[in-house]
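Remarks on the overall topology
Residue-level listing of the chains:
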Amino acid sequence: AIIQVISGDRLERGDELEIHFAGDSLAISSSGLTLGTRAHSISGELSFSSTSTTIERANVPNSDEQQSAFAIDGKYGWNSGDYEFGPLLTYNGTTVDGENISSLRVGGFLEYNFLSPNRPGVELVPATGLSFELLNATLDSSSGSGYGLTVYLGGKYFMLSDSLAFTGFLTFNQDNISYANDRKDTSQTTGLRFGIAQYFCC
């Protein structure tokens, strides 16, 4: 059978088409955006970055430090096509002023997929997003708490399969941490983040 669609949105791979007879006429309807195997995702990413930190201490002049840092994060996401969102868990490690700092972060993320929704059949999905995290940090023997905000730009590339994506983002982050020894760190971080995201249905 040859079916000609003369109205409505153009059908693309991933759409569902329903055909049924009503009396002697043929009715065709499309469900529109179908996410199928990309409705949910689990992803892991590794970040390498350069950080500039301003250190404030009681009765001590402020100082600025430059250092490199790394972070490992895991995410669970819900995909609506244009938007993806969900919880985020991150471990971050760096060295500031000769001292090792590690932090565990819990928060959430929101991504916007522009140019094309993230749906089956689309191989390259450009995206931008932001994340907000509450964190607990350890500075040698002192503990601290604070928050971090990250914005990023990049995309997801489904090179090997329709449900497995390689991810890459340029990131900018700001952290604010207060320690028990009256020290405060304010840091700005720019870096690259790479990872893998596995999408699945239902």
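Preceding this paragraph is the structure being described.
Below is a summary of the structure that appears in this document.

So, on to the sheet that holds strand β3 (residues 40-57). One closed barrel holds the eight strands; their spatial order is β3-β4-β5-β6-β7-β8-β9-β10, and the pairing between them is antiparallel. Each adjacent strand pair in this sheet contributes to an overall mean axis angle of 20°, direction not counted. Examined bridge by bridge, strand β5 (residues 83-96) and strand β6 (residues 99-113) share 14 bridges and lie antiparallel to one another. By the bridge assignment, P87 is partnered in β6 with G108.

Taken as a class, soluble globular proteins show a tendency for nonpolar side chains to be buried jointly. Ranked by size, the top nonpolar core spans eight residues in total: I55, V96, I101, L135, A137, L139, I177 and Y179. Looking at this core element by element, the count peaks at three residues for strand β7 (residues 124-139). Excluding its chain neighbours within four sequence positions, the residues that come into contact with L139 are E99, N100, I101, Y179 and R183. Counting residues in each nonpolar core, the second largest holds six residues, with V122, F158, A197 and Y199 among its members.

Glancing now at the environment of T51. Of note, T51 is situated in strand β3. Judged by its relative accessible area of 5%, T51 falls in the buried class. Distance from T51 to F172, taken between C-alpha atoms, is 9.8 Å for residues 121 residues apart in sequence. Each residue touching T51, except ones within four places of it in the same chain, is listed here: E65, Q66, Q67, A69, S187, Q188 and T189. Polar side-chain contacts of T51 include one of 2.9 Å to the side chain of T189.

Let us now look at unusual backbone geometry. Backbone geometry places L115, a non-glycine residue, at a positive phi of 75°. Mapping L115 onto the fold places it in the loop between β6 and β7.

For the structure on display, the rule yields eight aromatic pairs. Between Y83 and Y112 the ring centres are 5.3 Å apart and the planes differ by 45°, which places this aromatic pair in the tilted class. Remark: Y112 occurs in strand β6 and Y83 occurs in strand β5; sequence separation between them is 29 residues. Classification of Y83 as partly exposed rests on a relative accessible area of 41%. Look at Y152 and F169: their rings are 5.0 Å apart centre to centre, the planes differ by 75°, and that puts the pair in the edge-to-face class. Pair noted here: Y152 is in strand β8 (residues 142-157) and F169 is in strand β9 (residues 164-179), with a separation of 17 residues, a long-range link. Three or more aromatic residues link up through ring pairs in this structure, and these residues are Y76, W78, F85 and F200. For R38, the ring lying beneath its charged end belongs to F158, and the centroid distance is 3.5 Å. We note K75 situated over the ring of F109; from NZ or CZ to the ring centre the distance is 4.5 Å.

Definitions and limits used
- Residues numbered from 1 in each chain as written.
- Predicted model: local features only at pLDDT ≥ 70, side-chain atom pairs only at ≥ 80, totals over all residues.
- Heavy atoms only, no water.
- Pairing = 2+ DSSP bridges.
- Helix = DSSP H or I, 4+ residues; strand = E, 2+ residues; numbered from the N terminus.
- Axes fitted to C-alpha atoms, helices over the stretch in contact; angles between N-to-C directions.
- Core = buried A, V, L, I, M, F, W, Y, C linked by side-chain atoms within 4.5 Å.
- Buried < 20%, exposed > 50% of the residue type's maximum accessible area, 1.4 Å probe, protein only.
- Contact = heavy atoms within 4.5 Å.
- Polar contact = N/O pair within 3.5 Å; in protein donor to acceptor, adjacent residues only side chain to side chain.
- Phe/Tyr/Trp six-rings, centres within 6.5 Å; stacked < 30°, edge-to-face > 60°.
- Lys NZ or Arg CZ within 6 Å of the ring centre and 35° of its normal.

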